[in-house]
Every structure is written in C-alpha cells, then in structure tokens.
Amino acid sequence: MTQFTYHFISGLPRSGSTLLAALLLQNPRFHAGMTSPIGALYSSLLHQFGAGTEFGPVITKAERKRLVRGLFDSYYAEHADKSVVFDTNRMWTAHLPMLMDQFPGSKVIACVRNVAWIMDSIERKYAADPYEITRLFNDDNERATVYSRVETLALRNRLVGYPWAALKSAFYSEHAGSMLLIDYDLLAQAPHKVLPLIYDFIGIEPFQHDFENIQYDAPEFDTPLGMRGLHKVRPTISFESRDTILPPDLFQQYSQLSFWKDCTGSRANVITAKFVPTSTENLERST
C-alpha cells in the first residue's frame, strides 16, 4: 500500500482552512481538501472496540492501531500519485496523542481567527438566506435571535465552541510543538509570506503558488446543510475590511477569546506580524 506523508489541517471554522487547502492543492505533490470523513470513522471505531464493548476484549492495541491506520491509507489510496496528504478535520486538535502515535513527525496546521469575526461570518451566511433554517441549529429556540444563535454556536459541543476548546487544550499540551497556528487575517493579507513559513514548518521545499487563480467549492456539502457557499473560495485572495453585523456587546464578548496571542506556557508555533498587529511586511513564526 502506498505510504504517504501525512499532515493535518485543523483549528476554528471560518478561519481559512478551506482557502489553505485550495492553495496547497496547487502543489502537484500534495492532496488536500475540506473536512474528510476519517475523523467520524475513527470515532465510530473507538465506540466499536472501546471499553465495555463486545469486541473490546478481543481486539489488541496493535490491532486497533492497524485498523485506524487503515482508515487513512484506504481512504487516500486513489491519490497514490501524491506524496503528501493533508487531512482536514477540526476534531484533530482533540486527538493529538493518536496522530502523533500513528504519524510521528507529522504537523498540524491550525487556522485561527478572532472569534467575534467567526460569529459575524456565520451570522452573515445565515442572514443571506432568510428562506432557509440551516441545520446548524436544532430548533426555533436556538435560531430565534442573533443572541441565541451565537450562544448556541459557542457551546462546547457545537460548531465554534468545540474546536475552540479542542484547540486551546492542544495549545497547552505536550504535543503543542507539532502545531502551527495561522491567523486568517495574515493568510488573507499576505499569503506569499505565510505559505513559505508553512513549508518551512513541515520541512518541504517551497512551491510557487498562484494567488490570483484559486479554485474550490463544495455545493454538495453546503446545500444539505442549508448554508450555501459555506466552502466556496473566491478565485483571488483578498482581505476585505468591514463593519460587524453583531451587536456591540456580543462582538466585545467574543473578541476576548484569542488565547493564542499569548504563547506563555505553550510550545506551539504561531505565525504573527513581527512588529505591529496590522503589519504584514514582517511575518515570523514564533514559539
């Protein structure tokens, strides 16, 4: 079976993971994409052979490890012409011990963004289609107002709250050194500076990317979710400054959650603007 080098894309929603995957796809050595089903399949396997299950006592640790590895290699077998695979899933930051055991030396690229702007982005998508209810919310109480929608998304088992909590846990974990955090604003403003830092982090020779001709869309995933265009990437990278549509108190509340701006106590790598937050002339990877 083909042996790939695996790396992973994770982090927060609406923070550039699909854009990053679309860029990496330009490299003929790479395969990348939006969220794959491997994370869900891995969770299902754990429930099948975990403690208290029928098969748990008869499946050894070595067999469990082979079964999990088989998920990755079987799923990506059709990409045998690629040498590097980037699997995307926001749950991977909650499962770093498994990733590091299965793929020693692998790296996790975690896309981050001011949480208030994440909420703003999702709210804009919701407001753009007033004739849809979207499956992001379970009932009318959750989708009733911008306050109930944002509070629902922020719950620790929902779209924003879960990956935020998983990322924060990983940020302070023993495996944090295997992570590189990339702020969406920097990726959108200076992709020509961010991409070389990613290549340096994963130890691969840089590739000349085309930032004016990007292609990625996933309508077959977005339409059933009731959020059309959620994973559509604009053909040209640009950073658009705008006013928020969130009430001021909500925006202020969720702007406080960017823990990655202070690396004290963490071995994680973070791409930052070297001198001032709004500058992209001098980017660096800090630990």
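Residues numbered from 1 in each chain as written. Predicted model: local features only at pLDDT ≥ 70, side-chain atom pairs only at ≥ 80, totals over all residues. Heavy atoms only, no water.

- The chain is annotated in an unreviewed UniProt entry as Sulfotransferase from Undibacterium danionis.

## Structural notes on the pattern of salt bridges
- Following the criterion strictly, the structure yields seven salt bridges and no others.
- Among the ionic pairs, Asp 73 bridges to Arg 69, the shortest N-O distance being 3.0 Å. A residue pair is termed a helical-turn pair when its members lie 3 or 4 positions apart in one helix, as Asp 73 and Arg 69 do in helix α3 (residues 61-75) at four residues. Assigned by exposure class, Asp 73 and Arg 69 land together as buried.
- The partner of Asp 120 in a salt bridge is Arg 124, with the nearest N and O atoms 2.9 Å apart. Placement of the pair is Asp 120 and Arg 124 together in helix α5 (residues 115-127), with a separation of four residues, close to one helical turn.
- Judged by relative accessible area, which is 28%, Arg 124 ranks as partly exposed.
- When salt bridges that share partners are traced, they join Asp 120, Arg 124 and Arg 242 into one network. (Salt bridge = Lys/Arg side-chain N within 4 Å of Asp/Glu carboxyl O. Helix = DSSP H or I, 4+ residues; strand = E, 2+ residues; numbered from the N terminus. Buried < 20%, exposed > 50% of the residue type's maximum accessible area, 1.4 Å probe, protein only.)

## As for the environment of Asp 73
- For Asp 73, a relative accessible area of 5% puts it in the buried group.
- Once the C-alpha coordinates of Asp 73 and Tyr 6 are considered, the two residues, 67 residues apart in sequence, prove to be 9.9 Å apart.
- A distance of 3.0 Å separates the side chain of Asp 73 from the side chain of Arg 69, its partner in a polar contact. (Polar contact = N/O pair within 3.5 Å; in protein donor to acceptor, adjacent residues only side chain to side chain.)

## Considering the packing of aromatic side chains
- The tally for this structure, following the rule as stated, stands at 19 aromatic pairs.
- Ring geometry for Tyr 6 versus Tyr 76: centroids 6.2 Å apart, planes at 55°, classification tilted. Of this pair, Tyr 6 sits in strand β1 (residues 5-11) while Tyr 76 sits in the loop between α3 and β3 (84-88), and the two are 70 residues apart along the sequence. Tyr 76 matches Tyr 6 in its accessibility class, with the two residues each being buried.
- Just above the ring of Phe 201 sits the side chain of Lys 107; from NZ or CZ to the centre is 5.1 Å.
- The ring of Tyr 184 is capped by Arg 113, whose NZ or CZ atom sits 4.2 Å from the centre of that ring. (Phe/Tyr/Trp six-rings, centres within 6.5 Å; stacked < 30°, edge-to-face > 60°. Lys NZ or Arg CZ within 6 Å of the ring centre and 35° of its normal.)

## Focus: the nonpolar core
- Phe 72, Trp 92, Leu 99, Phe 171, Met 179 and Leu 181 are the most contacted members of the largest nonpolar core, which has 52 residues in total.
- Broken down by element, the residue count for this core peaks at six residues, all from α5.
- If you look at the next biggest cluster of nonpolar residues, it comprises 30 residues, including Ala 22, Phe 201, Phe 211 and Ile 237. (Core = buried A, V, L, I, M, F, W, Y, C linked by side-chain atoms within 4.5 Å.)

## Side note on the environment of Leu 19
- Within the secondary structure, Leu 19 sits in helix α1 (residues 17-24).
- Each C-alpha atom, one on Leu 19 and one on Ile 214, is 8.4 Å from the other, the two residues being 195 residues apart in sequence.

## Quick notes on the pairing of β1
- Among the seven residues that make up β1, six are buried, leaving the element largely enclosed by the rest of the structure.
- Taken together, the five bridges between β1 and β3 define a ladder with parallel strand orientation. Paired with Tyr 6 across the strands is Val 85, a residue of β3. (Pairing = 2+ DSSP bridges.)

## Concerning the side chain of His 209
- Tracing the sequence through the fold places His 209 in the loop between α9 (191-202) and α10 (219-225).
- A polar contact of 3.2 Å, which involves the side chain of His 209, links it to the side chain of Gln 26.
- When sequence neighbours within four positions are dropped, the list of residues in contact with His 209 reads Leu 23, Leu 24, Gln 26, Asn 27, Leu 195 and Tyr 199. (Contact = heavy atoms within 4.5 Å.)

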